[in-house]
Amino acid sequence: MPLLECKNLSLGYNKNILVQNLSFNVNAGDYLCIVGENGSGKTTLMRTILGLQKAIDGQIIFDGGLEKNQIGYLPQQTQVQRDFPASVYEIVVSGLQGKTGLRPFYNASEKQTAFKNMKRLGILPLAKRSYRELSGGQQQRVLLARALCATQKMLLLDEPITGLDPAAAEEMYRLVQDLNKSDGIAIMMISHDVGEALKDANKILHIGKNIFFGSKEEYSALEEKKWRS
């Protein structure tokens, strides 16, 4: 049973339609990589799934016990965000805001979840450090820990290795793969690196003039056919 099913989606802003008739699903344990040209609607798709903007048409169905507010999200970072003057702990625990309701504080269980996710991603010793003082790779691990506080089922990652050096990028890929394989968390990741996508993903969604959704084996065969023709 899919955790998430998108049916005949049309996405865009006002009358500017970026993509039409987009249909795909994500099951528990899937690793879906979203690829396509710049401006094709990849980030818009993630924002629409999260309810940050409305679909022009079509349906988004949550199932398998997944709710919209139970999806972890790691967006692309801006320079302003990189300079945010908060501690690592403050940023990570803020991922639990969707679970606190009207309470203006975090309870002991929620704080423990934040510490558990910091430990899981190897940043617990950085808990009191200022986020703005960290390296790019450390900042991404902080944001990934924050996203994990919101979910045990699905993570949406928008170009998580942008701006990272090769070693930090490789570490981020390893962490995401481990969360998928060891923890069973479904992954939806936007990536410009198709080669890396094909290493870890089991499904590929290509958005552009032509839409493709299927297994990475089917996508590889399709790409090979294009090169030969």
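In every chain, residue numbers begin from 1 and rise along the written sequence. With the structure being a predicted model, the display of local features is reserved for residues of pLDDT at least 70 and the display and counting of side-chain atom pairs for 80 or more, all residues being used for whole-chain, interface and lining totals. Excluding hydrogens and water, the side-chain values take into account all heavy atoms of the structure.

A. Geometry of the overall build of the protein. Each helix and strand counted, the protein has nine helices and nine strands in total. Along the first, second and third principal axes, the C-alpha set of the protein runs to 55 × 40 × 35 Å. With a 1.4 Å probe rolled over the protein chains alone, any residue whose accessible area is under 20% of its type maximum counts as buried; one over 50% counts as exposed, and the rest are partly exposed. Burial analysis of the protein (229 residues in total) assigns 46% to the buried set. Within the protein, counting contacts between residues at least 6 apart in sequence, those at least 24 apart form 68% of the total. Exposure was quantified through the Shrake-Rupley algorithm and a 1.4 Å probe, taking into account, for residues, occlusion by the shown protein chains and nothing else. When the accessible area of the protein is evaluated, it comes to approximately 11,900 Å², of which 50% is carbon and sulfur surface. Side chains of the protein carry 28 positive and 24 negative charges; the gap between the two charge centres is 5 Å. Comment: elements are numbered from the N terminus, with helices defined as DSSP H or I runs of at least four residues and strands as E runs of at least two. We call two residues in contact when some of their heavy atoms are within 4.5 Å. Here the positive residues are Lys and Arg and the negative ones are Asp and Glu; neither His nor the chain ends is included. Charged groups are reduced to one reference atom each: NZ for lysine, CZ for arginine, CG for aspartic acid, CD for glutamic acid.

B. Focus on the environment of L164. On the secondary structure map, L164 appears in the loop between strand 6 (154–158) and helix 7 (166–181). In sequence terms L164 and Q59 are 105 residues apart; their C-alpha atoms lie 35 Å from each other. If sequence neighbours within four positions are ignored, L164 has contacts with G136, G137, Q140, A169 and M172.

C. Structural detail: unusual backbone geometry. The phi torsion at N21 lies on the positive side, around 55°, for a residue other than glycine. Residue position: N21 is located in strand 2 (residues 16–27). A residue is classified by how much of its surface remains accessible, and N21, at 57% relative accessible area, is exposed. Unusually for a residue other than glycine, E159 sits at a positive phi of about 50°. Looking at the element boundaries, E159 is found in the loop between strand 6 and helix 7.

D. Quick look at the pairing of strand 1 (residues 2–13). Direction of pairing for strand 1 relative to strand 2: antiparallel, over a ladder of eight bridges. Note on strand 2: the bridge partner recorded for E5 is N25. Here a strand pair is declared whenever DSSP counts at least two bridges between the two strands. Counting the residues that bridge the hairpin from strand 1 to strand 2 gives two residues, and of these N14 lies at a positive phi of roughly 55°. By the bridge criterion, five bridges tie strand 1 to strand 4 (residues 57–62) in an arrangement that is antiparallel.

E. Inspection of the nonpolar core at higher detail. One finds V92, L144 and L155 to be the most contacted residues of the largest nonpolar core, which totals 45 residues. Contact partners of L144, with chain neighbours within four places excluded, come to L74, L121, L155, L157, M172, L175, V176 and L179. Counting residues in each nonpolar core, the second largest holds 25 residues, with L11, L32, I49 and M154 among its members. The term nonpolar core refers to a set of buried residues drawn from Ala, Val, Leu, Ile, Met, Phe, Trp, Tyr and Cys, joined through side-chain atoms within 4.5 Å.

F. Geometry of the packing of aromatic side chains. Paired rings are identified among Phe, Tyr and Trp, the last through its six-membered ring, by centres lying within 6.5 Å, and are further divided according to the angle between planes into stacked (under 30 degrees), edge-to-face (over 60) and tilted (the rest). Under the definition given, this model contains three aromatic pairs. Between F24 and F213, the aromatic rings sit 6.0 Å apart at their centres with planes inclined by 55°, giving tilted as the arrangement. Placement of F24 in strand 2 and of F213 in strand 9 (residues 212–215) is noted, with a sequence separation of 189 residues between them. Overall, the relative accessible area of 27% leaves F213 in the partly exposed class. Their ring planes at 50° and their centres at 5.3 Å tell us that F212 and Y219 sit as a pair that is tilted.

G. Fine view of the sheet that holds strand 2. With antiparallel pairing, three strands are arranged side by side in an open sheet as 2-1-4. Both outer strands of the open sheet, strand 2 and strand 4, are each paired with one neighbouring strand and no more. Neighbour-to-neighbour, the strand axes of the sheet open up by a mean angle of 15°, direction not taken into account. Helix axes are fitted to C-alpha atoms over the stretch in contact, other axes to C-alpha atoms as well, and angles between N-to-C directions run from 0 to 180 degrees. Here helix 1 (residues 42–49) sits on the sheet in contact with strand 1, strand 2 and strand 4, set at roughly 120° to strand 1.

H. Focus on helix 6 (residues 136–149). In this analysis, the expected span of each helix is defined as 1.5 Å times one less than the number of residues it contains. End to end, helix 6 covers 20 Å across 14 residues, agreeing with the expected 20 Å (1.5 Å per residue, within 8%). Burial analysis of helix 6 places 11 of its 14 residues in the buried class, which makes it a mostly covered element. Those residues of helix 6 that sit buried are G137, Q139, Q140, R141, V142, L143, L144, A145, A147, L148 and C149.

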